[in-house]
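Here is how the chains run, residue by residue.
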Amino acid sequence: MGLSEHDLFLLAVLSPFAAAAVAPFVTRVLGHRAGWLLALVPLGIFALIASHIGEVAHGGNTVVAYDWVPSYGIKLSYYLDGLSSLFAMLVSGIGVFIVIYSGGYLKGHRYLGRFLAFMLLFMGSMLGVVLADNLITLFIYWELTSITSFLLIGFDNNREASRRAALQALLVTGAGGLSLLAAFLLISSTTGITEMSVLNASGDILRDSALYLPIFILVLGGAFTKSAQFPMHFWLPNAMEAPTPVSAYLHSATMVKAGVYLLMRMHPSLGGTELWTTVLPIFGGVTLIAGTLLAVRQTDLKLMLAYTTVASLGLLVMLTGTSIDAAITGAVLYLFAHSLFKGGLFMVAGTIDHEAGTRDITRLGGLGRAMPITFFAAALAGLSMSGLPPFIGFIAKEVLYDGTFGATTDNWAVTATAVAGNALMLVIAAAVALKPFTGEKVETPKHAHEGPASLWLGPLTLSLIGLGTALFAHTTGEYLIGPMAAAISGGTAEVELHLIPAHFGAPVVLSMVTVALGIAVFLMLDTARGIVAGVLRAIGWGPDRGFDQVVRLIIRMAIVITRVIQPGRMQTYMLVVFLFTALALFVPLFAYGEMPEWPEWPALSGSNFYEWAIIAIAVLGVGAVLIASTRLNAIVSLGIQGFAVALIFMLFGAPDLSFTQFMVETLSVVILALVMTRLDLGNHGHRPLPAMIRDGTVAVAVGVGLGLLLLSVTQWPFDARLSEFFTANSRAIAHGRNIVNVIIVDFRGLDTLGEIAVVMTTGLAILALIRIRTRKVEQYDGTKREVRIARTYSGERWGGDVS
Amino acid sequence: MEPVLCVLITVLFSASFYLMLSTHIIRVLLGVALLSNGVNLLIFTAGRLLREVPPIIAEGQMVPTMATANPLPQALILTAIVISFSFFAFLLVLGFRAYQALGTDDVNEMRVAEPEREPEPPMGY
Amino acid sequence: MRTVIFRTIAPFLAAIMVLFSIFVLLRGHNEPGGGFIGGLIAASAFAIYGIASGVAPVRRAIYFHPMGIAGFGLFIAAVAGLPSMLKGVPFLTGMWTAIEVFEVKVDLSTPMLFDIGVYFVVVGAITSIALALEEREFD
């Protein structure tokens with residue numbers, strides 16, 4: 001029996017997790033060269049997805065589904081269409097180079113194996129997000145990316161800044177994940193649909209739903225936190241605390257695009273409404289402008305790139321929000337181009353940091369001669385980011401301008417925002433890709449020279465792909481961009497891409513404006529940086545500071561709550577438990593009118609004289625326990641009460657219980673006496689009167705509550721089915737005449753097996769407690785105290801003399 | 001007799017909870033011992049009472065010839081008695097050991113796990 | 001407690017109680033009795049013996065460590081569930097057979113084996129607790 005194609009697909013999707021499990025061992029054997037070997041995993045996935053490209057391009061979508069929790073309708077299902085296949089190819093394709101790059105970047109690092117394992121875990125999760133069809137499957141992968149992102153950002157866990165950034169990313173994106181779960185649950189409960197592919201084929205089912213607004217808001221909650229939309233953008237720049245391969249992979253090329261992916265994925269079922277075309281462009285536009293302005297402010301290469309990533313995500317959200325087919329095609333192209341150039345530029349920034357020892361733009365210059373290959377890769381990626389020909393970034397910009405401004409001038413605001421954003425993007429591209437390499441040589445902390453192949457292979461290849469896909473624009477459009485745009489707009493979009501604009505129209509003019517504006521700002525970059533910094537200082541407060549305040553508030557609240565409900569006093573715990581037990585008993589009795597009727601008290605007569613007498617003895621015994629002034633009195637009274645209970649069992653036809661109770665009460669009294677005689681304590685007085693009244697009230701309340709419940713139960717008709725079954729079958733099936741014993745050893749034998757295991761365990765526990773000996777040890781509060789530790793056996797033999 | 005037993009059970013539970021609210025371990029232990037009797041009687045009474053006829057089939061019969069006491073609660077209680085005894089013994093030894101280690105039988109002075117003035121948790125990351 | 005009379009009688013009393021406990025155990029399926037009660041009676045016997053004559057003679061008399069007896073009991077109780085699985089019916093289903101010993105028909109069954117397991121667990125665990133407390137070695 002061979003593997004079916006579906007099984008092969010499932011194996012491929014799960015293979016990164018398997019690779020993650022072996023990565024530490026591979027690294028132990030191969031050292032930093034492990035990256036080359038492990039890169040075969042994403043390469044294989046890439047090849048598998050790429051082999052389906054032709055099929056997908058012609059509308060052949062694949063669904064792979066396995067039952068997971070059938071009773072809840074949860075399936076492990078994947079969906080391969082234009083959108084998911086392009087994303088999956090980006091994730092796995094860039095993943096190949098990132099894994100190789102990681103090996104070179106963290107060469108000799110103690111925890112390289114762990115790092116590669118986290119990276120592969122993330123890769124598997126991210127592939128799952130983009131390929132998942134079932135909503136719950138999607139959610140689980142979504143949260144897995146948050147968790148692996150947490151692990152990767154906090155990789156350097158000795159630094160507080162890393163830990164803070166990791167926690168921040170986890171809390172922000174995790175909260176978004178919960179919002180997404182709520183959205184998915186609402187969707188499946190209103191429509192009954194749990195598969196994304198079915199949902200998107202169901203037309204207006206969500207748009208016409210009464211719950212459209214809450215679903216819309218909750219989906220945005222997930223998408224905007226993941227894709228760092230203003231004002232939830234603050235976690236992304238902080239995530240730059242992570243090693244550079246992480247920034248390149250998670251925080252530019254893949255994970256942060258998950259939010260955009262989600263919006264694109266749900267566009268056919270959720271998009272196109274007035275709400276959609278209003279809210280998304282506003283958030284996206286604000287994020288675009290804020291991101292680019294904040295990027296101008298920075299001098300750290302990685303931070304500059306991080307803020308432009310925020311800006312690019314804003315641009316993508318804005319374009320998706322227009323719901324215009326051509327604009328969405330522009331978004332798809334831009335997304336594709338961005339993953340290539342931004343991933344490449346991040347790796348370049350990492351290489352510079354690795355080789356020169358700093359990422360501060362003001363301390364870098366003239367590295368081009370020392371690092372020619374890196375410079376070449378950086379220049380190609382920078383040109384693509386600037387939107388200059390002949391790169392894929394240029395085509396993306398042309399198409400998006402055409403989309404927003406080509407057919408109608410209604411979207412002037414969106415277009416103007418895009419132009420301003422792209423101009424600033426060009427500024428940053430020039431600053432990152434040109435400034436460190438050109439100009440006068442500046443002394444750097446390390447003597448810079450070209451890095452090893454593992455460091456330049458990634459950026460170079462990605463940049464060349466950016467060039468190649470532009471040169472073969474027609475093929476790119478037919479096989480990659482077209483199918484994806486079609487999947488987003490929910491129809492069939494024919495995408496014709498040309499490197500050289502077909503006609504001289506608005507897009508070309510807008511491009512020229514963009515370039516001119518960008519060059520102007522670049523020339524006065526230092527002034528611009530000063531202005532933005534001044535404005536930020538004037539505002540003073542930002543969401544990043546707000547995060548600290550919220551976290552501190554949560555901890556303060558936790559301290560207060562802990563002090564109140566966990567004061568370390570047993571009576572407080574007991575009182576709370578008893579009070580709530582009393583409430584739980586009385587409230588339903590009153591609320592549902594289940595109060596028992598006033599019972600008929602049996603008259604005292606000759607036939608039940610013994611019963612009355614024994615019950616009276618039991619009550620007296622209990623009372624004597626309560627008021628006993630010495631421990632011995634209390635023990636004896638307890639015994640009297642216990643024997644009275646045994647007699648009650650006897651009178652009401654339970655001889656087995658009666659015998660057992662007799663034996664147990666005897667043994668209880670014996671062991672209590674054995675232990676008590678060793679307690680060297682004076683007799684304590686009773687508690688003070690107010691405490692007595694308080695405790696008494698609570699105790700009587702719970703007791704009366706239980707008594708009333710029982711009385712109410714006895715006044716209900718008795719359901720004797722089970723007892724009748726046992727009575728009827730005890731002899732017939734189990735060959736025993738003592739029905740109680742038959743139930744214990746035969747009908748309910750498994751229960752009894754568990755119960756004797758419990759008896760045996762308590763026996764062992766008591767033995768362990770007794771065989772502990774005392775030793776003085778230092779307590780953490782500095783005082784010496786006797787603490788008992790286990791005693792080793794000292795020559796005592798089983799059954800031998802203990803002398 | 002059910003109502004009368006209900007009263008007895010109320011007394012058992014109330015006394016048990018009152019003892020368990022004490023600060024002295026020994027009285028808490030006595031409370032636990034009373035509690036198990038209370039619970040057993042509660043189950044017993046909930047299964048209805050019948051005088052003096054144990055659930056045993058006479059020799060030569062396949063089913064009891066007359067109405068017998070309900071066997072089901074008896075089976076439940078029988079094992080419960082033994083288990084609650086072993087737990088009672090465990091609590092007894094535990095309490096005694098705590099008394100030996102800490103030199104007190106007052107639960108409010110047993111604060112090794114939750115000290116009186118616990119330092120605040122770290123506020124950083 | 002350690003009077004001469006008590007100390008002299010205790011071994012015999014204990015022996016009779018253990019014998020009685022086995023009787024109670026074996027008749028348990030048809031008359032009042034069974035593993036739990038039988039076990040408690042035997043455990044009380046050892047406890048009384050221990051109080052009268054000290055713990056060491058008791059430990060010598062029962063030879064095995066009480067927890068070992070309890071473990072053995074749990075083991076045979078679990079084993080009693082296995083024969084039914086050979087026949088393809090659920091774990092712990094009762095199996096019955098009868099053999100002739102000197103022309104007397106003796107019923108053998110897995111529930112009986114199970115009940116004997118219960119007996120040993122109760123004897124072992126409770127005796128272990130009682131002896132440990134009587135030993136006074138943890139003062």
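Definitions and cut-offs
Residues numbered from 1 in each chain as written. Chains lettered and ligands numbered in written order. Predicted model: local features only at pLDDT ≥ 70, side-chain atom pairs only at ≥ 80, totals over all residues. Heavy atoms only, no water. Pairing = 2+ DSSP bridges. Helix = DSSP H or I, 4+ residues; strand = E, 2+ residues; numbered from the N terminus. Contact = heavy atoms within 4.5 Å. Buried area = accessible area lost by both parts, 1.4 Å probe. Salt bridge = Lys/Arg side-chain N within 4 Å of Asp/Glu carboxyl O. Polar contact = N/O pair within 3.5 Å; in protein donor to acceptor, adjacent residues only side chain to side chain. Nonpolar A, V, L, I, M, F, W, Y, C, P; charged D, E, K, R; others polar. pLDDT = per-residue confidence, 0-100. Patch = residues over 30% accessible without salt bridge, like charges linked within 9 Å, V, L, I, M, F, W, Y side chains within 5 Å. Areas by Shrake-Rupley, 256 points an atom, 1.4 Å probe, with all protein chains shown as cover.

Let's talk about the pairing of strand β1 (residues 62–69) of chain A
Here is step 1 of the chain: The sheet contact formed by β1(A) and strand β2 (residues 74–80) of chain A spans seven bridges and is antiparallel. For A:Val69, the partnering residue across the bridge sits in β2(A) and is A:Ile74.

Quick notes on the interface of chain B and chain A
Here is step 1 of the chain: Taken together, the contact between chain B and chain A spans 95 residues of the former and 115 residues of the latter.
Here is step 2 of the chain: With both chains or domains summed, chain B and chain A bury close to 9600 Å², and 73% of this area falls on carbon and sulfur atoms.
Here is step 3 of the chain: By the criterion of area lost to chain A, the three top residues of chain B are B:Tyr18, B:Leu21 and B:Tyr125, representing 10% of everything that side buries.
Here is step 4 of the chain: For the pair chain B and chain A, the number of links is one salt bridge.
Here is step 5 of the chain: Between A:Arg737 and B:Glu59 there is a salt bridge whose closest N-O contact spans 3.8 Å.
Here is step 6 of the chain: Put simply, chain B and chain A have 14 residue pairs in polar contact (both at pLDDT 80 or more) between them.
Here is step 7 of the chain: For the side of chain B that touches chain A, the secondary-structure elements that each account for two or more residues are α1 (2–20), α2 (25–46) and α3 (71–102) of chain B.
Here is step 8 of the chain: The biggest single contributor to the side of chain B that touches chain A is α3(B), with 25 residues.
Here is step 9 of the chain: Of the residues that constitute the side of chain B that touches chain A, the class distribution is 65 nonpolar, 18 polar and twelve charged.

So, the confidence of the model for chain C
For residues with low pLDDT, the predicted coordinates do not support detailed interpretation.
All names here are of chain C.
Here is step 1 of the chain: Mean pLDDT over chain C stands at 86; residues scoring 70 or higher make up 94%.
Here is step 2 of the chain: Here strand β1 (residues 96–101) is the element of chain C with the lowest mean pLDDT, 72, and helix α4 (residues 66–79) is the one with the highest, 93.
Here is step 3 of the chain: ipTM for the predicted complex: 0.93, alongside a pTM of 0.71.

Let's talk about a nonpolar patch on the surface
Here is step 1 of the chain: Together, C:Ile22, C:Leu26, C:Ile99, C:Val101, C:Phe102, C:Leu108 and C:Met112 make up an exposed nonpolar region whose accessible area comes to about 620 Å².
Here is step 2 of the chain: Mapped onto the secondary structure, C:Ile22 falls in helix α1 (residues 4–27).

A word on the pattern of salt bridges
All names here are of chain A.
Here is step 1 of the chain: As enumerated under the stated definition, the model contains 14 salt bridges over all chains in all.
Here is step 2 of the chain: Here Asp548 and Arg164 are joined by a salt bridge, their closest N and O atoms 2.9 Å apart. Highlighted residues: Asp548 in helix α24 (residues 543–565) and Arg164 in helix α8 (residues 160–191), separated in sequence by 384 residues.
Here is step 3 of the chain: Arg748 serves as the salt-bridge partner of Asp751, at 3.0 Å between the closest nitrogen and oxygen.
Here is step 4 of the chain: Through salt bridges with shared partners, a single ionic network connects Asp156, Arg159 and Glu241.

Details of the interface of chain C and chain A
Here is step 1 of the chain: Chain C puts 47 residues into the contact, and the matching count from chain A is 43 residues.
Here is step 2 of the chain: Summing both sides of the interface, chain C and chain A together bury roughly 4300 Å²; the carbon and sulfur share of this comes to 70%.
Here is step 3 of the chain: At the junction of chain C and chain A, the tally comes to one salt bridge.
Here is step 4 of the chain: Measuring nitrogen to oxygen at the nearest pair gives 3.2 Å for the salt bridge that ties C:Glu31 to A:Arg737.
Here is step 5 of the chain: Taken together, the connections running from chain C to chain A amount to ten residue pairs in polar contact (both at pLDDT 80 or more).
Here is step 6 of the chain: Those elements giving two or more residues to the side of chain C that touches chain A turn out to be α2 (35–53), α3 (55–62), α4 and α6 (110–134) of chain C.
Here is step 7 of the chain: At twelve residues, α6(C) tops the list of elements feeding residues into the side of chain C that touches chain A.
Here is step 8 of the chain: In terms of residue class, the side of chain C that touches chain A is built from 27 nonpolar, eleven polar and nine charged.

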